[in-house]
Amino acid sequence: MTESAEFLQNLNQETRSLFQERQIILSFGDFLNRLAEKPSKLMRNSSQYLFDIFNHYGVSDIPSDNGYTRWKVFDMGTERNVSIIGSESVQDEIYKVVSTFTRQGHSTKLIVLHGPNGSAKSSAIDSIAHAMKTYSETDDGAVYRFNWIFPTDKSLTSQSMGTGAPIGFGGEGGDVDHHSSFAYLDEAKIASKIHSEFKENPIFLIPMPQRESYLRRWMAEEQGVSPEEVEIPAHILLPGLSKRNQLIMENLLSAYDGDLSKVLRHVQIERFFYSKQYRVGVGTVEPQMSIDALEKQLTMDRNMANLPPILHNISFHEVSGPLIEANRGILEFSDMLKRPIEAFKYLLSTVEKSTLNLPSSTANLDTLFFATTNEKHLDAFKTIPDFASFKSRIELVTAPYLLKPSQEVQIYKDDIAAIKKTKAVCPNTLELLCLWAVMTRLKQPNPEFYESKYRSLISRLDPRSKVRLYEKSGLTQVFKAQEETMLLELFRTIREEFQDVVSYEGRFGASPREVRSILFRAAQNKKHPTLTPMTIFEELERLVKDRTVYEFLQLEPRGKYHQPSEFIKYLKEDFIRAFENDVTASMTLVDELEYQTLLERYVTHVVASVKGEKVYSPITKSHEAPSEKIMKDIEKIINITGAVERHRESMLGKIAAYKIDNPKHDIVISEVFKDYLNAIKGFYFKERQGAVESNFKAMLVLKTDDAKNFKKEEIELAEITFQNLETRFNYDRISAEAALRFLLSNKPKS
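This write-up is about the structure you can find in this document. (Residues numbered from 1 in each chain as written. Predicted model: local features only at pLDDT ≥ 70, side-chain atom pairs only at ≥ 80, totals over all residues. Heavy atoms only, no water.)

## Digging into empty space enclosed by the protein
This model, assessed by the stated rule, comprises three cavities of 30 Å³ or more. The calculated volume of the largest cavity comes to roughly 90 Å³. Around the largest cavity, the lining is made up of 15 residues, and of these Leu42, Arg44, Val143, Asn201 and Arg328 lie nearest the centre. If you list the elements that add at least two residues to the lining of the largest cavity, you get helix H3 (39-42), helix H4 (46-57) and strand S3 (143-151). Grouping the constituent residues of the lining of the largest cavity by class yields eight nonpolar, three polar and four charged. (1 Å grid on protein atoms, 1.4 Å probe; cavity = no way out; pocket = protein on both sides within 12 Å on 5 of 7 lines; lining within 4 Å. Points joined across faces, edges and corners; volume = space filled by probe spheres on them. Helix = DSSP H or I, 4+ residues; strand = E, 2+ residues; numbered from the N terminus. Nonpolar A, V, L, I, M, F, W, Y, C, P; charged D, E, K, R; others polar.)

Dropping the structure here:
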């Protein structure tokens, strides 16, 4: 057997095995067996199904410190494997709305995600669609539709064994098994197959009141209660078949003298799987699409011509369009408000009544309706007279930009990976770009919004400090320790100050699309052989010169806010500080662990002091009172002034807050008090300032004739510094040299 033949044989076996395992094709009798086992799973409408998807995958392991719940549905990403970063408020609001629909029994409103361009509105809906696809491939997520099957062997449809005539075909009845289903017939033996465009639940083929009585009995067995206690979802008791399927059902019943079992032989149950790509249960209406549902009469269709004559009196219509494709799933109206209002006025009744008016009938829909729009179009929409009618039928969900650089960075991880294939990327490059983007999105706090005792403090909260507050990364560079504690106490209030207003925080600013554009333009800059923060600074300085291009550049400054050009200065200061820490740490003047040991010893003594406990001394091998000298020495280094008792108490609060934000992680002192660690490093490096500056000069003349002016050990230290920058901090040699030159030319004089 050739390799290709063996491959095809194995592929065939695996495909058949998966097909059979998933029970993709069933007879109606086999479907009833599954229904009796899991009635609650197989009678779900779209709202209940999506609600179950959220709960099936559960709450995310990624921590969220903003009071919202993050769901794994959005960690799974889209079909393109793009997970949603941040946006917990959007996730939580969608879940709450879906929960409401589930309690009500059906969706009654259009869920409108509104926000600035590039705020992951459509991506959030794509994540839901991907989760639906994945869940529908599981046993719990199985969903079914049905087809009508009419065999080529006309004798199979005779009304009774050996007597009467077939259902309009003519011919003779033979010795036929009238209890076997046509569902499993080979395609060659099928004369006609009619699909159900609306993908109706096969349960609706069971007539009332038998449908209710059997479901009540099966649900009682499933739930372990009496049939009287069972609450059957209201939607499952309504007429659920489309007009075409209802007419086929009625005509077959008439032909078979009311023998339902013979009618159901023609039913083939088919399992389907949600897919946005193939438009199965997931639809999208683009702004340029003018027709959401189309109906046309079928006249010369070969499939219809092969139907038994008993069905020839039916006027068959074919229905198509996004509304039909999305039935039993979700439908997104992308950039809905870009369309003329007349194009979606029908949604007023369609969403509320879950019905669709077609030329030949009114169809019941089982769909969750989503829409996306940007703020400009929403603002304009609110001014039209019809908005009041729409408002009661829509649920607005705000989707702002991210306000934490640590989250923003994750959006571009694939972009950075692509750039690194052809160009070295200096550490801190992407982080600084994302910091700038986030600062353009922030709003100046209004001191009058806070208690009088906090107003002076709030007035000093500049954009860089506000970012640090949102990141909980330490504020002692600007604020005293006691002030930092007060700001952390106000964290939730500050974050929510602009949450429920029209001009909310995160509505304006640089979009991820613009950030990505800046990143790639910088990567293509031929003047720089590597991608460094300095390249980003150049691109940003070029961008902010033309205020006519981007809306966020046109915002009037408010204090230190809405000043993108000034934010570049913050970036430069941050990079100088970060690179100086990295390069001095690479000189190995002091082992990095020594700084951490000093900090941890200080924190240990502070905690014991505040709690009134003793500290174990490895020297005396006994427990002793906390050392005031150790604490005061470090507090002098980190510049603690005023009442040290209050400062020490605030340190315990920071440790507690870290544990709350990271419940599954051990407490890492160097992370909780990163500012203090950097201050300790800076203090000891300042004592060795002469050696540091001499080393910087040696590093810049390596491999030049000027290197001979330095001693051998100085040259060796310079080489070791470059090596450590590469191995410990991932700086390539070219980027490290460029960063060092930038540091020396831009660092403020002491």
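## Section: the sheet that holds strand S1 (residues 25-27)
Sheet architecture is open: four strands sit in the order S1-S7-S3-S6, paired in antiparallel fashion. Edge strands, defined here as strands with exactly one partner in the open sheet, are S1 and strand S6 (190-195). With strand direction ignored, the average angle separating the axes of adjacent strands in the sheet is 35 degrees. Pairing of S3 with strand S7 (residues 267-272), which is carried by six bridges, proceeds in the antiparallel orientation. Each bridged residue has a counterpart across the sheet, and for Val143 the counterpart in S7 is Phe272. (Pairing = 2+ DSSP bridges. Axes fitted to C-alpha atoms, helices over the stretch in contact; angles between N-to-C directions.)

## A few points about the state of the cysteines
In this structure the tally under the stated criterion is zero disulfides. Lacking any disulfide linkage, Cys426 is separated from the closest cysteine sulfur, that of Cys434, by 15 Å. (Disulfide = S-S within 2.5 Å.)

## Some thoughts on helix H2 (residues 28-37)
Buried residues of H2: Phe28, Phe31, Arg34 and Leu35, and no others. Down the axis of H2, the smallest arc covering the buried residues is 115 degrees, so these residues share one side. On its buried side, H2 packs onto S1, H3, S3, helix H8 (210-223), helix H10 (260-264) and S7. (Buried < 20%, exposed > 50% of the residue type's maximum accessible area, 1.4 Å probe, protein only. Arc of directions from axis to C-beta. Contact = heavy atoms within 4.5 Å.)

## A closer look at the side chain of Arg244
For Arg244, the location among the structural elements is in helix H9 (residues 243-255). Beyond its immediate sequence surroundings of up to four residues, Arg244 is in contact with Ile194, His195, Glu197, Leu298, Met304, Phe316 and His317.

## Re the sheet that holds strand S8 (residues 282-285)
What holds strands together in a sheet is hydrogen bonding between their backbones, with the strands either parallel or antiparallel. Spatially, five strands are ordered S8-S11-S14-S2-S15 in an open sheet, and the strand pairing comes out parallel. Only two strands of the sheet have a single partner each, and these edge strands are S8 and strand S15 (394-398). Each strand axis lies, on average, 20 degrees off the axis of its neighbour in the sheet, ignoring direction. In this sheet, strand S14 (residues 368-373) lies alongside strand S11 (residues 330-333) in parallel orientation, the contact comprising four bridges. Looking at the pairing, Ile330 lines up with Leu368 of S14. Where helix H6 (residues 88-104) meets the sheet, its contacts fall on strand S2 (110-114), S14 and S15, and the angle it forms with S15 comes to roughly 160 degrees. Most of the contacts of helix H7 (residues 121-136) go to S11, to which it runs at about 165 degrees, and overall it touches S2, S8, S11 and S14.

## Examining the pattern of salt bridges
Evaluation of the coordinates by the stated rule reveals 40 salt bridges. The partner of Glu484 in a salt bridge is Lys654, with the nearest N and O atoms 3.0 Å apart. On the criterion of sequence distance, the pair formed by Glu484 in helix H21 (residues 481-489) and Lys654 in helix H28 (residues 644-661) is long-range, its members being 170 residues apart. Each of the two residues, Glu484 as well as Lys654, counts as buried. (Salt bridge = Lys/Arg side-chain N within 4 Å of Asp/Glu carboxyl O.)

## Here's the deal with the nonpolar core
Grouped together as the largest cluster of nonpolar side chains are 95 residues, with contacts concentrated most on Trp436, Leu487, Ile494, Phe579, Val603 and Phe673. Sort the elements by how many residues they give to this core and helix H18 (residues 429-439) lands first, with nine residues. In this structure, Leu26, Phe31, Phe150 and Ile269 belong to the second largest nonpolar core, which totals 38 residues. (Core = buried A, V, L, I, M, F, W, Y, C linked by side-chain atoms within 4.5 Å.)

## What to know about the side chain of Ser119
Relative to the helices and strands, Ser119 is located in the loop between S2 and H7. When its relative accessible area of 6% is taken as the criterion, Ser119 is described as buried. In this structure the side chain of Ser119 is engaged in a polar contact, spanning 2.8 Å, whose partner is the backbone oxygen of Pro116. Once residues within four sequence positions are removed from consideration, Ser119 is found in contact with Ala399, Pro400 and Tyr401. (Polar contact = N/O pair within 3.5 Å; in protein donor to acceptor, adjacent residues only side chain to side chain.)

## So, unusual backbone geometry
With an omega of 5 degrees, the peptide bond running from Met208 to Pro209 counts as cis. Examined against the element boundaries, Pro209 turns out to sit in the loop between S6 and H8. A positive phi is found at Ala120, a non-glycine position, where the angle reads about 70 degrees. Position of Ala120 relative to the elements: it lies in the loop between S2 and H7. Here His562, not a glycine, exhibits a phi torsion of approximately 60 degrees, which is positive.

These figures capture arrangement, not role.
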